[in-house]
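This is what each chain is made of:
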Amino acid sequence: MSRSPDSKPPRGAGVTRRTFLVGAGVAAGGALGAAPATGLASTRAKQAAEDDLLRLDGPFVVSFRLNGKEVRLPAEPRTTLLSLLRHAADPPLTGTKEGCDRGSCGACTVLLDGQPVYACLTLAGNLFGCEVTTVEGLGTPEELSTVQEAFWKHDALMCGFCTPGFVVAVTACLNENPAAGAEEIRSACAGNICRCGTYPQIVAAALAAGARMQEGRR
C-alpha cells in the first residue's frame with residue numbers, strides 16, 4: 001500500500017523527513033566547504049557544528065565569539081547568521097546589511113574564523129565554537145581600522161549600503177597579503193556588488209590600506 005509523501009514512516013524506521021533533510025543539508029554544506037571561496041570554519045569547528053546540527057529539531061542557543069566576546073543567542077535550525085546579527089545580538093549589529101538574501105550581492109559579508117562568508121547563507125547551527133567578526137568589530141567611529149580609514153579618505157562609497165561588505169572583504173584580503181595588487185584585490189571583491197559603481201575608488205583605497213599595513217599599522 002502506498003503512503004502519501006507527508007505521512008509518517010513506519011514505527012522503528014529511525015529516520016524522519018526532518019532528520020533526512022537536515023542531514024542532507026549538512027552533507028551539502030560539508031562539500032561546499034572544500035571550496036576556498038566559501039571560507040567556512042576550521043575542520044574541528046565544522047565537525048562540531050555538524051554534530052550539533054544533526055541533533056537540532058527546534059529552538060536552541062548557539063554559543064560563539066562575536067567581535068571578540070563570547071555570546072549565547074537564541075536560534076532555530078533555519079536561523080541565519082545575518083538574522084542573528086541584526087535581530088538577536090544585543091545591541092543589534094546592523095552594519096551587516098541585508099541585500100539580496102541569497103548570496104549574490106556581498107552586502108552581508110562577515111569574517112568567520114578569519115575568512116569572508118555571506119552571513120545570509122550561514123546557518124546558526126554552523127557557528128558553535130567559531131569566531132565571527134563584523135564591520136563593527138574592525139574599528140569604531142573614533143578609531144577606524146586602516147581599511148575603514150582608507151575607504152573614507154579615497155571616497156570609496158556613495159550610498160554606503162554595500163560598503164561594510166567591501167570593507168570586510170578587503171580586510172580579509174589584506175590580512176592574508178598586505179602587498180596584494182589591484183588584480184588580487186578585484187578577485188577578493190568579486191563576490192561583492194557596488195551598484196553605485198565606485199570600484200576604482202575601492203581598489204585605490206585597498207591599495208593605500210595595504211601600503212599602510214606593510215608599514216606596520218593594522
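All values derive from a computational prediction rather than experimental measurement.

(A) Looking closely at the packing of aromatic side chains. Considering all chains together, one arrives at 2 aromatic pairs under this definition. Centroid distance F166 to Y199: 6.2 Å. Interplanar angle 75°. Geometry classified as edge-to-face. Of this pair, F166 sits in helix α5 (residues 163-176) while Y199 sits in helix α7 (residues 199-214); the two residues are 33 residues apart in sequence, bridging distant segments of the chain. F166 sits in the buried class, given a relative accessible area of 1%.

(B) Spatial organisation of the pattern of salt bridges. Going through the model one piece at a time under the given rule, you end up with 6 salt bridges. Across the pair E70 and R65 runs a salt bridge whose closest N-O atoms are separated by 3.3 Å. When its relative accessible area of 56% is taken as the criterion, E70 is described as exposed. In this structure R65 comes out as partly exposed when scored by relative accessible area, which is 31%. One salt bridge connects E183 with R186, and the closest N-O pair in it is separated by 2.7 Å. With a gap of 3 residues between them, E183 and R186 both fall in helix α6 (residues 182-188), about one helical turn apart. Looking at R186, the relative accessible area reads 43%, which means it is partly exposed. One salt-bridge network, in which partners are shared between bridges, spans R65, E70 and E131.

(C) Fine view of the packing of helix α4 (residues 146-153) against α7. Interhelical geometry of α4 versus α7 gives an angle of 135° and a closest axis separation of 8 Å. Taken together, the axes of α4 and α7 lie oblique to each other. Between α4 and α7 lies a crossing of right-handed hand. Every residue of α7 that contacts α4 at T146, V147, E149, A150, F151 and K153 is listed here: I202, A205, A209, R212 and M213. Considered class by class, the residues forming the contact of α4 with α7 number 7 nonpolar, 1 polar and 3 charged.

(D) Quick peek at the layout of surface pockets. Of the volumes computed, that of the second largest pocket is approximately 240 Å³. Every residue along the wall of the second largest pocket is listed here: L66, N67, K69, V71, L73, A89, D90, P91, L93, E136 and G137. Per-element tally for the lining of the second largest pocket: the top contributor is strand β2 (residues 69-75), with 3 residues. When the residues that make up the lining of the second largest pocket are grouped by side-chain class, the tally is 6 nonpolar, 2 polar and 3 charged.

(E) Representation of the side chain of T133 in the model. Its location among the elements puts T133 in strand β5 (residues 131-133). Relative accessible area serves as the criterion here: at 18%, T133 is assigned to the buried category. Ignoring any residue separated from it by four or fewer positions in sequence, one finds T133 in contact with N67, V110, L111 and L138.

(F) Structural view of the state of the cysteines. Taken as a whole and judged by the stated rule, the model has 0 disulfides. Cysteine C162 remains unbridged, with the sulfur of C194 as its closest cysteine sulfur at 3.9 Å. The buried category is assigned to C162, whose relative accessible area is 12%. C173 takes part in no disulfide bond, and the closest cysteine sulfur, belonging to C189, lies 7.0 Å away.

(G) Representation of α5 in the model. Its 14 residues place the ends of α5 20 Å apart at the C-alpha level, agreeing with the 20 Å of an ideal helix rising 1.5 Å per residue. Taken across its 14 residues, α5 has 12 buried, putting it largely inside the fold. Of the positions making up α5, those classed as buried are T163, P164, G165, F166, V167, V168, A169, V170, T171, A172, C173 and L174. Those residues of α5 that are buried are in contact with β3 (109-112), β4 (115-118), α4, α6 and α7.

(H) Examining the sheet that holds strand β1 (residues 60-66) more closely. Here we have 5 strands laid out as an open sheet, ordered β2-β1-β5-β3-β4, and mixed in their pairing. Edge positions in the open sheet fall to β2 and β4, since each of these has one partner strand only. Going across the sheet, the axis of each strand differs from the next one's by a mean of 45°, ignoring polarity. One ladder, built from 2 bridges, connects β1 with β5; its direction is parallel. Counted as the bridge partner of R65 is E131 from β5. Sheet contacts for helix α3 (residues 81-88): β1, β2, β3 and β5; angle to β2, the most-contacted strand, approximately 100°. α5 contacts β3 and β4 of the sheet and is inclined by roughly 35° relative to β3.

Rules used in this analysis
Residues numbered from 1 in each chain as written. Predicted model: local features only at pLDDT ≥ 70, side-chain atom pairs only at ≥ 80, totals over all residues. Heavy atoms only, no water. Phe/Tyr/Trp six-rings, centres within 6.5 Å; stacked < 30°, edge-to-face > 60°. Helix = DSSP H or I, 4+ residues; strand = E, 2+ residues; numbered from the N terminus. Buried < 20%, exposed > 50% of the residue type's maximum accessible area, 1.4 Å probe, protein only. Salt bridge = Lys/Arg side-chain N within 4 Å of Asp/Glu carboxyl O. Axes fitted to C-alpha atoms, helices over the stretch in contact; angles between N-to-C directions. Parallel < 35°, antiparallel > 145°, perpendicular 65-115°, else oblique. Left-handed = near helix turned anticlockwise from the far one by under 90°. Contact = heavy atoms within 4.5 Å. Nonpolar A, V, L, I, M, F, W, Y, C, P; charged D, E, K, R; others polar. 1 Å grid on protein atoms, 1.4 Å probe; cavity = no way out; pocket = protein on both sides within 12 Å on 5 of 7 lines; lining within 4 Å. Points joined across faces, edges and corners; volume = space filled by probe spheres on them. Disulfide = S-S within 2.5 Å. Expected span 1.5 Å × (residues − 1). Pairing = 2+ DSSP bridges.

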